[in-house]
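# Structural features, examined
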Amino acid sequence: MLLRWAFVFASVFFFAFPALAQNARIESFTYAGSGCPVGSAAGVISPDQKALTVIFDQFEAQAGPGAARAANRSFCQLAVDLRFEPGWQVAVFDATYRGFADLEPSVQGLHETSYYFSGSPLTSGPVMWSMIGPFTNNFSRTDSFATTVWSECGTVRPLNIKTSLYVTNRLAPARSGVLTNDTTDVQVQIEYGLTYRRCPGP
């Protein structure tokens, strides 16, 4: 039953101030984690440097008879190098995820993401949502944040996005489930919204 579902993991950044957006850009990104070992992901920055698309081929979590215990959890962390005008701050205001899950009755899938800027103790998240089987379908969920975490004034640091997938069959040990981010069959878009504000004056 454990089919290898696939999708494209894409992040599109929308800017709240059109004039500023001309100078805001994504310069590069790096990735690491059990769900994205070296060589298992590829990324493309759009020509206008406003969007980043990352394609994974090993980002999945599964549980069930025959599945290793370690396979029930997987994570990947992106570090996105941003550039924007001095005197401004940036924050994530929402993130929409679309994907596919195949969960037998009483098997649960959990998605968790944290967003933070390097060097800052403040974090948006973790934002968690879950689904429980029977479920075999596409899904679409939007992260929203109880508090807004702004980048530090006077410096531009990478935006870190850590996403974890977790599947458990604790309530139904004989049943199986899988939650996957990869690249073969189903295209899925994840959109991250950014907003800007001016830094306080001296």
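In this report, we go over the structure that sits alongside the text.

Using the criterion set out here, one finds two disulfides in the structure. Through a disulfide, Cys36 is tied to Cys76; the S-S separation comes to 2.1 Å. Residues Cys36 and Cys76 share a disulfide whose torsion about the S-S bond is about 100 degrees; that sign makes it right-handed. Of this pair, Cys36 sits in the loop between strand S2 (25–32) and strand S3 (41–45) while Cys76 sits in strand S6 (residues 73–83), placing them 40 residues apart in sequence. Across the pair, Cys76 and Cys36 agree in class, each one buried. The disulfide bridge from Cys153 ends at Cys199, spanning 2.2 Å between sulfur atoms. Handedness here is read from the sign of the S-S torsion; for Cys153 and Cys199, about -110 degrees, the answer is left-handed. Linking Cys153 in the loop between strand S10 (135–143) and strand S11 (159–168) with Cys199 in the segment after strand S13 (190–198), this pair joins segments that are 46 residues apart in sequence. On the basis of relative accessible area, Cys199 is assigned to the buried category, the value being 17%.

This paragraph deals with the nonpolar core. In terms of nonpolar packing, the biggest core is built from 36 residues, with Phe56, Leu82, Val90, Tyr115, Leu159 and Val167 touching the most fellow members. Here this core takes seven residues from strand S7 (residues 88–103), the largest share from any one element.

The rules we used
- Throughout this document, residue positions are counted from 1 along each chain, in the order its sequence is written.
- Residues qualify for local features only when their pLDDT is at least 70, as the model is predicted, and side-chain atom pairs are given and counted only at 80 or more; totals for whole chains, interfaces and linings, by contrast, use all residues.
- The side-chain quantities take in all heavy atoms of the structure and omit both hydrogens and water.
- Any two cysteine sulfur atoms within 2.5 Å of one another count as a disulfide.
- Going along the chain from the N terminus, every DSSP run of H or I of four or more residues is numbered as a helix, and every run of E of two or more is numbered as a strand.
- Whether a residue is buried, partly exposed or exposed follows from its accessible area with a 1.4 Å probe, protein chains only, as a fraction of its type maximum: under 20%, in between, or over 50%, in that order.
- Throughout this description, the term nonpolar core refers to a set of buried Ala, Val, Leu, Ile, Met, Phe, Trp, Tyr and Cys residues connected via side-chain atoms within 4.5 Å.

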